[in-house]
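Chain by chain, the residues run as shown.
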Amino acid sequence: MGCPDGGEQSLVKMTDAGELKEKKAMIKKAVIFDADGTLWDSVDLVAKAFSIKLQDFPETKGIRISREDLLPLMGKTMDQFAKSLIPQVEGKRGEEILAHCMQFENFYLGENKVQFYPHLEECLAALKAAEIGRYIVSNCQLGYIDAVLYGEKFTLGKTGDFLDMACYGNNGKKKAENIRILMERNHLNPEDCVYLGDTALDYSSATEAGIAFIHAAYGFGQVEGAERSISDLSELIAVLPFN
């Protein structure tokens with residue numbers, strides 16, 4: 001029996017949809033990225049945002065935050081930021097002030113362009129062509145990753161450049177736990193995943209989560225003992241442990 005008018009076209013559409021669904025199901029291997037020092041460098045913008053917002057509080061009026069102040073803290077959690085940047089404001093009040101700073105930071109980053117590391121677009125395209133999943137796990141606050149990606153050419157979502165993310169701001173859990181949570185949510189096996197990060201905390205978190213690690217040596221931190229390292233994102237796909 002022949003197809004009625006338009007039937008062949010409908011069949012093609014159904015076939016394409018089926019192939020797309022099957023292709024999504026084929027994503028078994030994955031690179032999980034850290035954010036700051038791995039995908040982008042937002043330190044200068046964060047320092048400006050914090051310096052602006054700190055003027056709103058009598059306890060912190062007059063304090064200016066520099067890049068040098070922030071670099072040792074990148075990848076750490078909000079309470080650690082508070083203890084280091086405004087030690088004169090103790091306890092919960094310090095965390096409250098930093099929460100306001102980080103909320104303003106999200107707005108500020110959405111209005112200003114973050115510096116992405118070279119060859120990120122080509123790296124993501126190569127991973128996508130190889131059917132390797134792209135994910136982000138960070139110790140950042142809620143809304144930070146969305147703010148950085150907002151208005152940029154990189155997207156987050158089921159069909160995006162990054163398929164999913166997990167962060168400290170979502171659940172208050174440490175990085176190793178969020179790596180495990182993200183893998184479970186996306187049905188990924190630890191042996192098929194690798195974490196790309198730039199700090200010793202990234203290395204220890206990946207090890208605790210039971211996955212391989214690659215050091216982003218172009219980022220902020222130094223890592224002792226990492227078996228794999230790259231100096232540019234263009235090198236990533238060639239050093240993946242499951243290639």
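Q: I tried to follow the overall build of the protein chain on my own but got confused; where do I start?
A: When helices and strands are counted, the protein chain shows 11 helices and eight strands. The buried share among the 243 residues of the protein chain stands at 46%. Sequence separation of at least 24 residues holds for 65% of the intrachain contacts in the protein chain that already meet a minimum separation of 6. About 12,600 Å² of surface is accessible on the protein chain, with carbon and sulfur atoms providing 52% of the total.

Q: Help me out: how do you make sense of the sheet that holds strand S6 (residues 193-197) in this one?
A: Two strands in a sheet stick together by hydrogen bonds in their backbones, pointing the same way (parallel) or opposite ways (antiparallel). In space, the six strands of this open sheet follow the order S5-S4-S1-S6-S7-S8, with parallel pairing throughout. Because the sheet does not close on itself, it has two edges, and the strands there are strand S5 (164-167) and strand S8 (228-230). Averaged over neighbouring strand pairs, the angle between their axes works out to 25 degrees when direction is ignored. Each of strand S1 (30-33), strand S4 (133-138), S5 and S6 is contacted by helix H9 (residues 175-185), which is oriented at about 150 degrees to S5, the strand it contacts most. The strands that helix H10 (residues 200-209) touches are S6 and strand S7 (212-216); relative to S7, the one it contacts most, it runs at about 170 degrees.

Q: I would appreciate a short explanation of the side chain of aspartate 232 in the present structure.
A: With respect to the helices, strands and loops of the structure, aspartate 232 is situated in the loop between S8 and helix H11 (236-239). Aspartate 232 sits in the buried class, given a relative accessible area of 18%. A distance of 2.8 Å separates polar atoms of two side chains, one belonging to aspartate 232 and the other to histidine 119. Of the polar contacts made by the side chain of aspartate 232, one reaches the side chain of serine 234; its length is 2.7 Å. For aspartate 232, the contacting residues outside a window of four places in its chain are Pro118, His119 and Tyr218.

Q: I keep staring at the pattern of salt bridges and nothing clicks. Help me out?
A: Here the idea is simple: oppositely charged side chains can pair when their charged atoms come close. For the structure on display, the rule yields 11 salt bridges. Close ionic contact of lysine 173 with glutamate 177 constitutes a salt bridge, the shortest N to O distance being 4.0 Å. Accessibility expressed as a relative area gives 34% for lysine 173, which makes it partly exposed. Given a relative accessible area of 29%, glutamate 177 falls into the partly exposed group.

Q: Teacher, can you tell me more about the pairing of S5 here?
A: Consecutive side chains of a regular strand alternate in pointing toward one face of the sheet and then the other. A two-sided burial pattern is seen for S5, the buried positions comprising Asp164 and Ala166 on one face and Met165 and Cys167 on the other. In this sheet, S5 lies alongside S4 in parallel orientation, the contact comprising four bridges. Of the residues in S5, the one forming a bridge with isoleucine 136 is methionine 165.

Q: How should I be thinking about the packing of aromatic side chains in this particular structure?
A: Two measures describe an aromatic ring pair: the distance that separates the ring centres and the angle between the ring planes. Considering all chains together, one arrives at nine aromatic pairs under this definition. Where phenylalanine 104 meets phenylalanine 107, the ring centres are 6.0 Å apart and the plane angle is 40 degrees; that geometry is what we call tilted. Taken together, the residues phenylalanine 104 and phenylalanine 107, both in helix H5 (residues 91-111) and three residues apart, mark about one turn of the helix. Of the aromatic side chains, those joined through ring pairs into one cluster are Trp40, Phe116, Tyr144 and Phe154.

Q: Looking at this structure, I do not really get the nonpolar core. What am I missing?
A: A general tendency of soluble globular proteins is for nonpolar side chains to be buried together. Among the nonpolar cores identified, the biggest contains 39 residues, and Val31, Phe33, Trp40, Leu196, Leu236 and Leu240 are the most heavily contacted of them. Looking at this core, the elements with two or more residues in it are S1, helix H2 (43-53), H5, helix H6 (120-129), helix H7 (144-149), S5, S6 and S7. Per-element tally for this core: the top contributor is H7, with five residues. The next biggest cluster of nonpolar side chains, apart from the first, holds 20 residues, and it includes Phe81, Val89, Cys101 and Met102.

Conventions used here
- Each chain has its residues counted from 1, following the order in which its sequence is written.
- The model is predicted, so local features are restricted to residues of pLDDT at least 70 and side-chain atom pairs to those at 80 or more, both for listing and for counting; the totals for chains, interfaces and linings are taken over all residues.
- Working from all heavy atoms in the structure, the side-chain values ignore hydrogens and water.
- Each helix corresponds to a stretch of at least 4 residues labelled H or I by DSSP, and each strand to a stretch of at least 2 residues labelled E; elements are numbered beginning at the N terminus.
- Relative accessible area decides the class of each residue, using a 1.4 Å probe on protein chains only: under 20% of the type maximum gives buried, over 50% gives exposed, and in between gives partly exposed.
- We call two residues contacting when some pair of their heavy atoms lies within 4.5 Å.
- Methods summary: accessible areas were calculated by the Shrake-Rupley approach with a probe of 1.4 Å, and residue burial reflects only the protein chains presented.
- We call two strands paired when DSSP finds no fewer than two bridges between them.
- Angular values range over 0 to 180 degrees, each being the angle between N-to-C directions of two axes fitted as lines to C-alpha atoms, with helices fitted over their stretch in contact.
- For the purposes of these results, a polar contact is taken to be a pair of N or O atoms within 3.5 Å, where, inside protein, one atom must be able to donate a hydrogen and its partner to accept one; residues adjacent in sequence count only when each atom of the pair is a side-chain atom.
- By salt bridge we mean one thing: a side-chain nitrogen of Lys or Arg within 4 Å of a carboxyl oxygen of Asp or Glu.
- Any two of the Phe, Tyr and Trp rings considered here, Trp counted by its six-membered ring, make a pair once their centres fall within 6.5 Å; the pair's planes then place it as stacked at under 30 degrees, edge-to-face at over 60, or tilted in between.
- Throughout this description, the term nonpolar core refers to a set of buried Ala, Val, Leu, Ile, Met, Phe, Trp, Tyr and Cys residues connected via side-chain atoms within 4.5 Å.

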